[in-house]
Amino acid sequence: MNAAFWILAVITLMGALLAISLRNLVHCVLSLILFFLGVAGNYFLLRADFLGAVQILIYIGAVAVLILFAIMLTRNVTGTEGPRDMFGLGWWAGLITAALVAVAVWITLRSAPEAGVTSAGQAVGSVEAIGRELLTQWVVPLEVLGVLLTAALIGAVVIALEEVRRRR
Amino acid sequence: MSITLGQYLMLSGVLFAVGLCGALTRRNAIIVLMGIEIMFNAGILNLVAFWHFKHFTTITPLMFAIFAIAVAAAESAVGLALVIAIYRQYKSVDVQEMRALKG
């Protein structure tokens, strides 16, 4: 179990690091897919099987493809960014901020009494149980979520079509 | 030796920092959105880790994670539509050049 965690952690971290540091945008998205796969593997390791499947379907199947389409539609920026944005003032500011956040998390966790907890009981996260809960206790949030997704869909189409409408 | 909660919290903390670094340092708006996605995933991984190690017998934290993933998907769809609209306006997705509202 521990070896599986470390392998998945290295994959996830490597994917995230490459996704934000590579020059070619398409390579960035491929690294992001590696990152999403690592997170899905972590969900499987944590016995959240349904969540792992959802992660693969939504993030790799929808979000990554959506980002690829966005890169295609903004085509002449797929080239590399100039060297001037690396190691500039903003770059150092962002790096130092992220490092400070990491150090703050690290110090908080070192002193947390909860950090040594291992597992705590039997699994309840089966797909059957999740489906029953979603359609009984969580049915109102589920419907609200459906409305939100519809609104986001229509909003995204309206925003992306704005130019075409103005031209007529 | 089995996995502890602290390991997962460290992992998601480091992933959050990596995503924050990407969102703050890169100038391409699409990569900024990718950094935000990384931060979102780190947060949800944190939630699932707490579910696994602390509240394994109840299903509510898992529901929170599912709803958070759905909302994140809606957010990224709208965000990418905004990037495309901005590209049509400025012919660029460089966040340094979006300064129409700068005082």
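Preceding this section is the structure that the text describes.
From a predicted model like this one, the values you see are computed outputs, not experimental measurements.

S.K.: When you look at the overall build of chain A in this model, what are you seeing that I'm missing?
M.R.: Of regular secondary structure, chain A possesses seven helices and zero strands. Listing the helices and strands of chain A from first to last along the sequence gives α-α-α-α-α-α-α. Counting only residues that meet the buried cut, chain A has 23% of its 168 residues in that class. Long-range contacts, defined here as pairs at least 24 residues apart, represent 52% of the contacts in chain A between residues at least 6 apart.

S.K.: Whenever I open this one, the environment of B:Tyr90 confuses me. Can you help?
M.R.: Residues and elements named next belong to chain B. Structurally, tyrosine 90 can be placed in helix H3 (residues 60–90). Since 13 C-beta atoms lie within 10 Å of it, tyrosine 90 is described here as partly exposed. Contacts of tyrosine 90, omitting those with residues within four sequence positions, involve Glu97 and Met98.

S.K.: I keep staring at the packing of helix H1 (residues 2–21) of chain A against helix H2 (residues 29–54) of chain B and nothing clicks. Help me out?
M.R.: At their nearest, the axes of H1(A) and H2(B) sit 9 Å apart, and the two run at 160° to each other. By the angle class used here, H1(A) and H2(B) are roughly antiparallel. Between H1(A) and H2(B) the crossing geometry is left-handed. Two secondary-structure elements touch here, H1(A) through A:Ala16, A:Ala19 and A:Ile20 and H2(B) through B:Ile31, B:Met34, B:Gly35 and B:Ile38.

S.K.: Would you take a moment to explain the packing of helix H1 (residues 5–25) of chain B against H2(B) for this structure?
M.R.: In a pair of packed helices, the angle between the axes and the distance between the axes together describe the arrangement. Residue and element names in this part refer to chain B. Closest axis-to-axis distance for the H1/H2 pair is 7 Å, and the angle between their directions is 170°. Our classification of the angle between H1 and H2 gives roughly antiparallel. Viewed along their axes, H1 and H2 form a crossing whose handedness is left-handed.

S.K.: Looking at this model, I keep getting lost on the nonpolar core. Mind explaining?
M.R.: Nonpolar side chains in soluble globular proteins tend to end up buried together. With 67 residues, the main nonpolar core has A:Leu32, A:Ile67, B:Ile30, B:Met34, B:Ile38, B:Val48 and B:Val83 as its most contacted residues. Going through the elements one at a time, H1, helix H2 (25–45), helix H3 (49–73) and helix H6 (139–160) of chain A together with H1, H2 and H3 of chain B are the ones with two or more residues in this core. Sort the elements by how many residues they give to this core and H2(B) lands first, with 16 residues. Apart from residues no more than four positions distant in its own chain, B:Ile38 is found in contact with A:Ala16, A:Ala19, A:Phe35, B:Leu15, B:Val18, B:Gly19 and B:Gly22.

Rules of the game
- Residues numbered from 1 in each chain as written.
- Chains lettered and ligands numbered in written order.
- Predicted model: local features only at pLDDT ≥ 70, side-chain atom pairs only at ≥ 80, totals over all residues.
- Helix = DSSP H or I, 4+ residues; strand = E, 2+ residues; numbered from the N terminus.
- Buried ≥ 20, exposed ≤ 12 C-beta atoms within 10 Å, placed from the backbone.
- Contact = placed C-beta atoms within 7 Å.
- Axes fitted to C-alpha atoms, helices over the stretch in contact; angles between N-to-C directions.
- Parallel < 35°, antiparallel > 145°, perpendicular 65-115°, else oblique.
- Left-handed = near helix turned anticlockwise from the far one by under 90°.
- Core = buried A, V, L, I, M, F, W, Y, C linked by C-beta atoms within 7 Å.

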